[in-house]
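Each chain is listed here by its residues.
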Amino acid sequence: MLNFRRVTALLASIVPASLIAIVVFLAVYAWPAIRLNGIAFVTDNSWNLGSLYANPIMVRGQEIMPGAHYGILFLIVGTLLSTAIAIAIAVPVGVGAALFLAEGVPAPLRPWLSFMVELLAAIPSVVYGLWGFVVVIPFLGHHLYPFMARWLGFIPFFGGAPGSGYGLLTSGFVLTLMIVPLITATLRDALVSQPAKLREAAVALGANRFETLWKVLLPGLRRVLIGSSILATGRALGETMAVLMVSGNALNYLPSNIYTPISTMASFIVSQLDSALEDPTGMAVRSLAEVAVVLCAISIVVNGFARVLMYYEGLSSRVV
Amino acid sequence: MADMVVSQFRADRGRFRQRQFFSYLGWALSTLAFLLLGSAMVWILATVFLRGFDALSLTVFTHVTEGTGGGLLNAIEGTFVLAFGGILLAIPPGLAAGIYIAEFDHGRLASTIRFLADVLVGVPSIVIGYFGYITMVVGLGWKFSVAAGSIALAIISLPYICRTSEIALRQVPRAVREAAYALGAGDGTVTMRICVPMALPGILTGVLLSLAISVGETAPLLYTAGWSNYLWNGHLTNAPIGYLTYAIWAFINEPFASANALAYAAALFVTLFVLAINVISRLVLDENAGWRRRARR
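Along each chain, numbering runs from 1 in the same order as the chain's sequence is written. The lettering of chains begins at A and the numbering of ligands begins at 1, in the order of writing. Local features are withheld for residues below a pLDDT of 70 in this predicted model, meaning they are given only at 70 or higher, and side-chain atom pairs are given and counted only at 80 or more; totals for whole chains, interfaces and linings count all residues. Hydrogen atoms and water are omitted, and side-chain values are computed over all heavy atoms in the structure.

Colleague: Any chance you could break down the environment of Ala185(B) for me, citing the residues and the numbers?
Modeller: All names here are of chain B. Positionally, alanine 185 belongs in the loop between helix H7 (174–182) and helix H8 (187–216). Alanine 185 gets classed as partly exposed once you look at its relative accessible area, which sits at 22%. Whether two residues are in contact is decided by their heavy atoms: any pair within 4.5 Å suffices. Residues within four places of alanine 185 in sequence aside, it is in contact with Ala180 and Val190. Going along the chain from the N terminus, every DSSP run of H or I of four or more residues is numbered as a helix, and every run of E of two or more is numbered as a strand. Think of it in three bands: residues with accessible area under 20% of the maximum for their type are buried, residues over 50% are exposed, and the middle band is partly exposed, with areas taken using a 1.4 Å probe on protein chains only.

Colleague: Explain the state of the cysteines residue by residue, including any values.
Modeller: Two cysteine sulfur atoms make up a disulfide if the distance between them is within 2.5 Å. Following the criterion strictly, the structure yields zero disulfides over all chains and no others. Cys162(B) provides the cysteine sulfur closest to Cys195(B), a residue in no disulfide bond, and the two sulfurs are 16 Å apart.

Colleague: Account for the environment of Pro173(B), naming residues and giving values.
Modeller: Residues and elements named next belong to chain B. Here proline 173 shows up in the loop between helix H6 (146–170) and H7. Residue class for proline 173 comes out partly exposed when judged on its relative accessible area of 41%. Each C-alpha atom of the pair proline 173 and cysteine 195 lies 9.1 Å from the other, and the pair is 22 residues apart in sequence.

Colleague: Outline the nonpolar core, listing residues and values.
Modeller: The definition of a nonpolar core used throughout is a set of buried Ala, Val, Leu, Ile, Met, Phe, Trp, Tyr and Cys residues joined through side-chain atoms within 4.5 Å. Among the nonpolar cores identified, the biggest contains 194 residues, and Trp47(A), Tyr128(A), Leu72(B) and Tyr130(B) are the most heavily contacted of them. With 15 residues, the single largest contributor to this core is helix H4 (residues 73–104) of chain A. When residues of this core are sorted by domain, at least three fall in each of domain 1 (20–71 + 277–320) and domain 2 (81–265) of chain A. The contact partners of Tyr128(A), leaving out residues within four places of it in the chain, are Leu120(A), Ile123(A), Val174(A), Leu177(A), Met178(A), Ala242(A) and Ile44(B). By size, the runner-up hydrophobic cluster in this structure holds six residues, among which are Ile230(A), Leu231(A), Leu237(A) and Ala306(A). Those domain boundaries reflect an automatic or database domain assignment.

Colleague: Which residues make up the packing of aromatic side chains, and what values do they have?
Modeller: Two rings from Phe, Tyr or Trp (for Trp, the six-membered ring) form a pair when their centres are within 6.5 Å of each other. A pair whose planes differ by under 30 degrees is stacked, one over 60 is edge-to-face, and the rest are tilted. If you walk through the whole model with that rule in mind, you get 25 aromatic pairs over all chains. Measuring from centroid to centroid gives 5.8 Å for Phe74(A) and Phe268(A), while their planes differ by 85°, and the two rings are edge-to-face. Residue Phe74(A) is located in helix H4, and its partner Phe268(A) is located in helix H12 (residues 265–276); the two are separated by 194 residues in the primary sequence. Comparing Phe74(A) with Phe268(A), the two get one shared label, buried. Arranged with centres 6.0 Å apart and planes meeting at 70°, the rings of Phe210(A) and Phe22(B) form a pair that is edge-to-face. Of this pair, Phe210(A) sits in helix H9 (residues 209–217) while Phe22(B) sits in helix H1 (residues 2–55), placing the two residues on different chains. Classification of Phe22(B) as partly exposed rests on a relative accessible area of 30%. Just above the ring of Tyr29(A) sits the side chain of Arg286(A); from NZ or CZ to the centre is 4.5 Å. Definition used: whenever NZ (Lys) or CZ (Arg) falls within 6 Å of the ring centre and also within 35 degrees of the ring normal, the charge is taken to sit over that ring.

Colleague: Describe the packing of helix H3 (residues 73–103) of chain B against H6(B), listing the residues and the values that go with them.
Modeller: Residues and elements named next belong to chain B. Simply put, an axis is a line fit to the C-alpha atoms, just over the touching stretch for a helix, and the angle between two N-to-C directions goes from 0 to 180 degrees. Contact geometry for H3 and H6: axes closest at 5 Å, N-to-C directions at 35°. H3 and H6 meet at a crossing whose hand is right-handed. Taken together, the residues that form the contact of H3 with H6 break down as 21 nonpolar, eight polar and three charged. Here is the rule for handedness: rotate from the far helix to the near one, and if that takes an anticlockwise turn smaller than a right angle the crossing is left-handed, while a clockwise turn gives right-handed. Gly falls in the polar group here, along with every residue not listed as nonpolar (Ala, Val, Leu, Ile, Met, Phe, Trp, Tyr, Cys, Pro) or charged (Asp, Glu, Lys, Arg).

Colleague: Describe the interface of chain B and chain A, and please don't skip the residues or the numbers.
Modeller: Facing 74 residues of chain B, the contacting portion of chain A comprises 79 residues. Here chain B packs against chain A, burying approximately 7,000 Å² in sum over the two surfaces, 82% of which is carbon and sulfur. The salt bridge criterion pairs a side-chain nitrogen of Lys or Arg with a carboxyl oxygen of Asp or Glu, the two atoms within 4 Å. Counting across the chain B and chain A interface gives three salt bridges. Nitrogen and oxygen atoms within 3.5 Å of one another constitute a polar contact, given that in protein one can donate a hydrogen and the other can accept it, and given that sequence-neighbouring residues count only through two side-chain atoms. In this structure, the connection of chain B to chain A is made through seven residue pairs in polar contact (both at pLDDT 80 or more). Its residues assigned to classes, the side of chain B that touches chain A shows 52 nonpolar, 17 polar and five charged. Throughout, buried area stands for the accessible area (probe radius 1.4 Å) lost by two parts on being put together, summed over both.

Colleague: Describe the confidence of the model for chain B, and please don't skip the residues or the numbers.
Modeller: Along the chain, pLDDT gives the predictor's confidence residue by residue, from 0 to 100. Looking at chain B, pLDDT values average 89 and 95% of them are 70 or higher. Interface confidence in the predicted complex, given as ipTM, is 0.91; pTM for the same model is 0.91.

Colleague: So what about the side chain of Ser165(B)? Which residues, and what values?
Modeller: All names here are of chain B. Among the secondary structure elements, serine 165 is positioned in helix H6. Residue classification places serine 165 among the buried residues on the basis of a relative accessible area of 1%. Not counting residues within four places of it along the chain, the set of residues in contact with serine 165 comprises Gly94, Leu95, Gly98 and Ile203.

Colleague: Which residues make up the layout of surface pockets, and what are the values?
Modeller: The space that makes up the second largest pocket amounts to roughly 460 Å³. Lining the second largest pocket are 16 residues, with Trp131(A), Phe173(A), Leu177(A), Leu36(B) and Ala40(B) positioned closest to its centre. Breaking the lining of the second largest pocket down by element, the ones donating at least two residues are H4, helix H6 (125–151) and helix H7 (168–192) of chain A together with H1 of chain B. For the lining of the second largest pocket, the residue count by class is 14 nonpolar, two polar and no charged. Grid points spaced at 1 Å and placed over the protein atoms alone form the basis of the search, with a cavity being a set where a 1.4 Å probe fits but cannot get out and a pocket an open set showing protein on both sides within 12 Å along at least five of seven lines. Lining residues have an atom within 4 Å of a point. Grid points are joined across faces, edges and corners, and a volume is the space filled by probe spheres set on the points.

Colleague: Describe the side chain of Thr135(B), with residues and values.
Modeller: Within the secondary structure, Thr135(B) is located in helix H5 (residues 125–139). With a relative accessible area of 14%, Thr135(B) lands in the buried category. If sequence neighbours within four positions are ignored, Thr135(B) has contacts with Phe25(A) and Leu140(B).

Written as C-alpha cells, this is what we have:
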C-alpha cells in the first residue's frame, strides 16, 4: 500500500542510494585499472601515460599503451602531509579561538566574532585558491619562506631551498583556514552548553576563569575535540580547488622539505583528466577513477569513524 | 612556627603567581589564535572586494566571455541555472529524508539514512564530479551539460538539506503532533500541514545554505558542466554551460589583465552571494531562536 510514510521512505532512500551509487559506479569503472595496477598503484612513484602514439599492448589482460605505469605514492604522501600540517596547526589554533569566543569576549560581541570565524568555512574553495595564488604565495615565497629556511633550517625539513611559495606548507596553511572553523564552532558550542554546575564547582574551589576552562570544561570535551578534528581531517583530505591553485602540482616526486611543490589526490584528478583523455585505451581515465575510489574510501572511513565517535558522545551526554 | 607560616605563605604566593602567569599566557595565546583567524578573514575579504570592485564595469554584466575578455553574463546565468537546478532536484529527496528521520525515527532505516547522509557530506566534491563524469557525461552520453552539472550539485546539496530539515522538524514540540493525531489527522496531514510549516524557517535556511554551497562549488562542475562562452541554449543535455567559479580558476591563470579582471569580478560575485546568504540565514535562525525562547516562556 502506498501511504505517506512509504512514499517518504522511498524518496528518502535516494540519499543513501546516491552514496552507494558513487562508490559502486566508480569501483566498477575503475575495476580494469585496479586489476592492472595491483598493489603497485599505492607503492610506486610514477604516473606515466606511456607512449601515446604507439600501438596498444596487452598487459595482465588489459590493453594499455607501451610504457604506461600508474603509481600514486607521491599523491598519497602529498595528501597526507598537507593534511597533517593543516591539522597540526588547526587544532591548537581552533581550540584557542574556541576558548576566546566562549569566554574571553564580552557577551554582546560573541555572536558576531563567532560568525566571523564560521564565515571562513563559507568562503568557496576557489576563492581561497585565488587569494592564495594572488596574495599569499608572493608574500610567503619572497619573504617568509627564505626567512624560515635561513633561521629555522636546523629543524629537519625546514631547511633547504625555500622554493617559490607553491608547495606543501602553503597548502597546509590554506587548508588550515578552511578546516579550523569546524573545530572552533563545534568546540565553542560544546563549551557554552556545558552544565553551569561544573563552572560553579570549579569557581567555588578557587579556580580562575581560565583554569575553569582549561582544567575543568575542556577535559570533558576530549571526544568532541577528537571527533571534530577527524571531520576536519576528512575535509582537508578532499579539498580540491584551493590546493590545486597553491600546491605547485608536482608530478612523480616526493617532497624533500616543507617548501617543495606537492600534489594531492583530489587536485590531481582535476589537473590530469584532460591529459588522461589522450590515452586511446582509456586506461588513464580508469586509473584516475581508481584515484577517486581510493580518495572516496579514505574519506568514507574517516568520516564514518568521526560520526560514530560523535554519535556516542551525543548519546552519553543525553543520558546524563 | 612563625617561620613555617611565612615559608608556607611564600610557597603559596609563588604557586599563585605561577597560576596567574599560566592564565594570562592562556588568554594571550587564545586571543592570538582568534586574531590570526580574524585577520585572515579580513585579508581574504579585502583582497576579493578591493580587486573585485576595481574590475567591475558595465560590460561584465552585459557581455558574454570572448576569449580572454568580454563579460561574465554567460557565467552569471549559468551559475544560477546550475545552482537552482541542483536545489530543485535536491529538495524533494532531501526534505523527504529529513522528514523520515525526524518523524518516523523508529527503525533501522532512519538511522541508516542519517549515518549515510553524514558520510555523504564528507565525500570530496571532486569524487562526486568524477562520478558524474563517468556515469552521465560518458556513460549516458549527455556530454558536458546542465543536467549532469545540476545532478552533481544536487548530490552535494542532499545531505545538507536532509540534516537541516531534520533538525528543524525535531524542534517542533511533540504536543503539537499529539494534538493533530488526536484530532484524527493522518501522517501526511500532520507532517505536511503542521510540522513542515512550523519548521519552515529552519528548512529554508538549510536550502539557502546549500544554494550558497552550490554557487561556490567548482570541482564537481569542471567535468560535468564543462564551460561555454555563450549563453545557455536551453538544452538540458549535450550543451556545456559557463559558471562563475570556473571563470575564477581559469582566468586568474591567464597572462592577460582583462582575463584576470574577469576572475576578480567573478570572485566578488560569488563571495558577495555566499556572504549575503550566510548573513540572512544567521539572522533568520537568530530570529527563530528568539521566537522559540519567547514561546517556551
